[in-house]
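Here's the letter readout for the chains.
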Amino acid sequence: MTDTAPGARRSDATRKAILRAARERFAADGYDRATIRAIAADARIDPSMVMRYYGSKEGLFAAAAEFDLRLPDLAGVPTDRLGEVLVRHFLDRWEGDGTLAALLRAAATNPGAAARMRGIFADQLGAAVARFGTEPATTARRAGLVASQILGLALTRYIVGLPPMVEAPPAELVAWVAPTIQRYLTGAAPA
């Protein structure tokens with residue numbers, strides 16, 4: 001074992017503590033109101049350590065926003081139920097994890113957060129849409145249209161708090177939104 005191993009373990013533990021505190025603080029306060037000082041206090045470290053490891057608030061947010069959409073394997077889903085499965089999945093993800101809401105809130109005002117959100121949806125949703133056999137020329141467009149609906153739904157329900165959207169039970173939202181998602185995924189591309 002080298003002399004740096006204990007320091008490396010402390011460094012890893014410090015990074016994990018910072019990321020955990022940042023995720024909680026960004027989820028609770030949003031990007032703009034969360035401060036490096038508050039995150040450092042939550043992690044029980046000096047604020048300079050946050051800057052040492054992540055360079056800036058934006059760098060910390062980008063690291064904390066590493067987010068897996070945990071998309072279901074669409075290969076086993078009957079083609080006519082793809083929209084329903086995706087909408088239900090996203091509602092479950094939004095309901096169960098404040099990090100995605102924090103990322104959406106931050107993306108509305110911060111270019112770095114917007115880039116992170118674009119990357120998450122383009123990479124993960126784009127790959128999922130491609131796997132079930134869409135025409136390669138329309139895969140990115142279809143994934144983008146799905147993202148526009150999912151993000152719009154999330155914005156009105158979880159960020160803006162539009163009463164009809166907040167009050168609607170998830171099953172009702174699935175019934176309303178799933179046909180649109182289904183059309184984006186499997187409908188004929190416009191001429």
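To be clear, the structure that these remarks concern was listed above.
Note that the structure is predicted; figures quoted are calculated from it, not measured.

> Would you mind showing me how to read the overall build of the protein here?
When you go through the protein residue by residue, the secondary structure sums to 10 helices and zero strands. Listed N to C, the secondary structure of the protein is α-α-α-α-α-α-α-α-α-α in terms of helices and strands. By principal-axis analysis of the C-alpha atoms, the protein measures approximately 60 × 45 × 25 Å. By the burial criterion, 43% of the 191 residues in the protein qualify as buried. Considering only residue pairs separated by 6 or more positions, the protein has 66% of its internal contacts joining residues 24 or more positions apart. As displayed, the protein offers around 10,300 Å² of accessible surface, 55% of which is attributable to carbon and sulfur atoms. Within the protein, the 20 negative side-chain charges are centred at a point lying 4 Å from the centre of the 24 positive side-chain charges.

> Help me understand empty space enclosed by the protein in this model?
Where empty space is left can be seen by rolling a probe of water-molecule size over the atoms. Taken as a whole, this structure holds one cavity of 30 Å³ or more when the rule is applied. Taken as a whole, the largest cavity holds about 40 Å³ of empty space. Looking at the largest cavity, the residues that line it are R23, F26, F61, A64, A65, T99, A102 and L103. Broken down by class, the residue content of the lining of the largest cavity amounts to six nonpolar, one polar and one charged.

> Teacher, can you tell me more about the side chain of Q182 here?
On the secondary structure map, Q182 appears in helix α10 (residues 170-186). Of the residues examined, Q182 reaches a relative accessible area of 14% and is grouped as buried. The contacts of Q182, once residues within four sequence positions are left out, are T79, D80, R81, L82, G83 and G187.

> I'm lost on the side chain of R157 in this one. Help?
In this structure, R157 sits in helix α8 (residues 136-159). A polar side-chain atom of R157 sits 3.1 Å from a polar atom in the side chain of E95. Among the polar contacts made by the side chain of R157, one reaches the main-chain carbonyl oxygen of M165 at a distance of 2.5 Å. The contacts of R157, once residues within four sequence positions are left out, are L91, E95, M165, V166, A168, P170 and L173.

> Please explain a nonpolar patch on the surface as it appears in this structure.
On the surface, L155, V160 and L162 cluster together into a nonpolar patch covering about 250 Å² of accessible area. Mapped onto the secondary structure, L162 falls in the loop between α8 and α9 (163-167). Note on L162: relative accessible area 39%, which makes it partly exposed.

> Is there a simple way to explain the environment of D12 in this structure?
Here D12 shows up in helix α1 (residues 5-33). When the C-alpha atoms of D12 and R93 are compared, they prove to be 28 Å apart, with 81 residues separating the residues in sequence.

> Honestly, the nonpolar core in this entry has me stumped. Any pointers?
Within soluble globular proteins, side chains that are nonpolar tend to cluster in buried spots. In terms of nonpolar packing, the biggest core is built from 60 residues, with F26, L60, F90, F121, L125 and I181 touching the most fellow members. Examining the composition of this core, we find that eight residues originate from one element, helix α7 (residues 111-131), more than from any other. If we ignore the near neighbours within four places in the chain, the residues touching L60 are I18, L19, A22, F26, I36, I39, V50 and Y54.

> Could you clarify how one ought to interpret α8 in this entry?
Residue pairs spaced three or four apart in an α-helix point in one direction, given the helix's 3.6 residues per turn. For α8, spanning 24 residues, the distance from its first C-alpha to its last is 33 Å, which sits close to the expected 34 Å at 1.5 Å a residue. Of all the residues in α8, the buried ones are T138, T139, R142, A143, V146, A147, I150, L153, A154 and R157. Tucked into the core, α8 has its buried residues touching α5 (82-96), α6 (98-107), α7, α9 and α10. Just past α8, the residue G161 takes up positive phi, approximately 70°.

> Which parts of the structure should I look at to understand the environment of Y31?
By secondary structure assignment, the location of Y31 is in helix α1. You can call Y31 buried: its relative accessible area is 9%. In this structure, the C-alpha to C-alpha distance between Y31 and M51, residues 20 residues apart in sequence, is 16 Å.

Cut-off values and rules
- Residues numbered from 1 in each chain as written.
- Predicted model: local features only at pLDDT ≥ 70, side-chain atom pairs only at ≥ 80, totals over all residues.
- Heavy atoms only, no water.
- Helix = DSSP H or I, 4+ residues; strand = E, 2+ residues; numbered from the N terminus.
- Buried < 20%, exposed > 50% of the residue type's maximum accessible area, 1.4 Å probe, protein only.
- Contact = heavy atoms within 4.5 Å.
- Areas by Shrake-Rupley, 256 points an atom, 1.4 Å probe, with all protein chains shown as cover.
- Lys, Arg positive; Asp, Glu negative; His and termini not counted.
- Charge placed at Lys NZ, Arg CZ, Asp CG, Glu CD.
- 1 Å grid on protein atoms, 1.4 Å probe; cavity = no way out; pocket = protein on both sides within 12 Å on 5 of 7 lines; lining within 4 Å.
- Points joined across faces, edges and corners; volume = space filled by probe spheres on them.
- Nonpolar A, V, L, I, M, F, W, Y, C, P; charged D, E, K, R; others polar.
- Polar contact = N/O pair within 3.5 Å; in protein donor to acceptor, adjacent residues only side chain to side chain.
- Patch = residues over 30% accessible without salt bridge, like charges linked within 9 Å, V, L, I, M, F, W, Y side chains within 5 Å.
- Salt bridge = Lys/Arg side-chain N within 4 Å of Asp/Glu carboxyl O.
- Core = buried A, V, L, I, M, F, W, Y, C linked by side-chain atoms within 4.5 Å.
- Expected span 1.5 Å × (residues − 1).

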